[in-house]
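# Reading the structure
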Amino acid sequence: MRHHEGPGAHLKPMLDLANLLSTYNSDTGEVSSARLQERHLSDLRGCFADASAYQAALAVKDPLIYSVAAIEPGSAAGDLHYGLGRILPGKIGQEYFMTKGHAHAQRSAAEFYFGLAGEGLLLLEDLATGETRIVPLRPSHAVYVPGNTAHRTINTGRQPLVYLGVYPATAGHDYELIARKNFRHIVTEHNGQPRLLPRPNSLA
Ligand code: PAN
Ligand code: ZN
């Protein structure tokens, strides 16, 4: 059968999405035919506010923190890319395991997040105003990340947080901005609940 040609060719991204979810391996975060990117604790240097807790954890081992299986059906203007993210549960100090976070290189590019499993948050920071908010990310919840917004995904639960992010193929990922300035706020656990706090300068 030739699924990807003829009148149904425009359905290819949709078929890929169905394929993506049906071949998802919940133990590894892998999706067959997708490029899997893995981030370990050592890849998140400078992200966590508690530098001594980070060093202490890294001295013991360098665990996997998250992975993203990326599907890129096309890269022309108008095409979409999507990634299946999986963040493991855990904390460094009181701060939850999370992604590096980024802004899109094409600043106006927005993103659609959809929760599939586990419990977490999106930390959103407006690049123009610095205004920060956290939005719950749970199974069957959608979160719209507007353009010009740095975003980081955080696992606040005890299970892997699994989600889909869909974004313009032309968006690009700018990690430099976050590596230089970091997010202005952190999310830590207090009495079992997530709390948004300004980043403490002394530990940054
Ligand atoms: C997501 C992210 C994913 C991993 O697919 O790429 O959550 O986070 P980092 O890219 O910050 O490591 C997305 O926002 N794509 O644009
Ligand atoms: Zn993004």
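For the structure itself, look to the data block above.
In this report, the structure presented in the accompanying data block is examined. (Residues numbered from 1 in each chain as written. Chains lettered and ligands numbered in written order. Predicted model: local features only at pLDDT ≥ 70, side-chain atom pairs only at ≥ 80, totals over all residues. Heavy atoms only, no water.)

## Observations concerning the nonpolar core
Heads up, the rule is: Take the buried residues of types Ala, Val, Leu, Ile, Met, Phe, Trp, Tyr and Cys, join any two whose side-chain atoms come within 4.5 Å, and each joined set is a nonpolar core. Only protein chains enter the accessibility calculation, which uses a 1.4 Å probe. A residue is then buried if its area is under 20% of the maximum for its type, exposed if over 50%, and partly exposed in between. Note on conventions: DSSP H or I runs of at least 4 residues are helices, E runs of at least 2 residues are strands, and numbering of each starts at the N terminus.
Within the largest apolar cluster, 31 residues are counted, with the highest numbers of intra-cluster contacts made by Leu41, Phe48, Ile92, Tyr113 and Ile154. Those elements giving two or more residues to this core turn out to be α2 (51–60), β2 (64–71), β8 (120–126), β9 (132–137), β10 (142–145), β11 (149–155) and β12 (161–168). The biggest single contributor to this core is β8, with 4 residues. With 9 residues, the next largest nonpolar core counts Ala69, Tyr82, Leu84 and Leu164 among its residues.

## What about the coordination of the zinc ion (ligand 2)?
Here is the rule we go by: Shown as donors are all N, O and S atoms within 2.8 Å of a metal ion, widened to 3.2 Å for Na, K and Ca; because water is not in the atom set, sites may appear incomplete.
Taken together, His102 (NE2), His104 (NE2), Glu111 (OE) and His151 (NE2) make up the full set of protein donors to the zinc ion (ligand 2), lying 2.1 to 2.3 Å away. By relative accessible area, which is 3% here, His104 ends up buried.

## A word on the site of ligand 1
Worth spelling out the cut-off: Note on terminology: near, applied to a residue and a molecule or strand, indicates that one of the residue's heavy atoms is within 4 Å of it. In protein, a polar contact means a hydrogen-donor-capable atom and an acceptor-capable atom, both N or O and within 3.5 Å, with residues adjacent in sequence counting only if both atoms are side-chain atoms; elsewhere, any N or O pair within 3.5 Å suffices. All accessible areas in this document rest on Shrake-Rupley with a 1.4 Å probe, and a residue is counted as covered only by the protein chains that are shown. Gly falls in the polar group here, along with every residue not listed as nonpolar (Ala, Val, Leu, Ile, Met, Phe, Trp, Tyr, Cys, Pro) or charged (Asp, Glu, Lys, Arg).
Surveying the vicinity of ligand 1 reveals 14 residues, the closest of which are Tyr66, Glu111, Tyr113, Tyr163 and Tyr175. The contact in question runs from an oxygen atom of ligand 1 to an N or O atom on the side chain of His173, over 2.8 Å. Tyr175 has a polar side-chain atom sitting 2.5 Å from an oxygen atom of ligand 1. Contact with the protein chains covers 97% of the free accessible surface of ligand 1, which is 390 Å². Here the shell around ligand 1 is built from residues that sort into 6 nonpolar, 7 polar and 1 charged.

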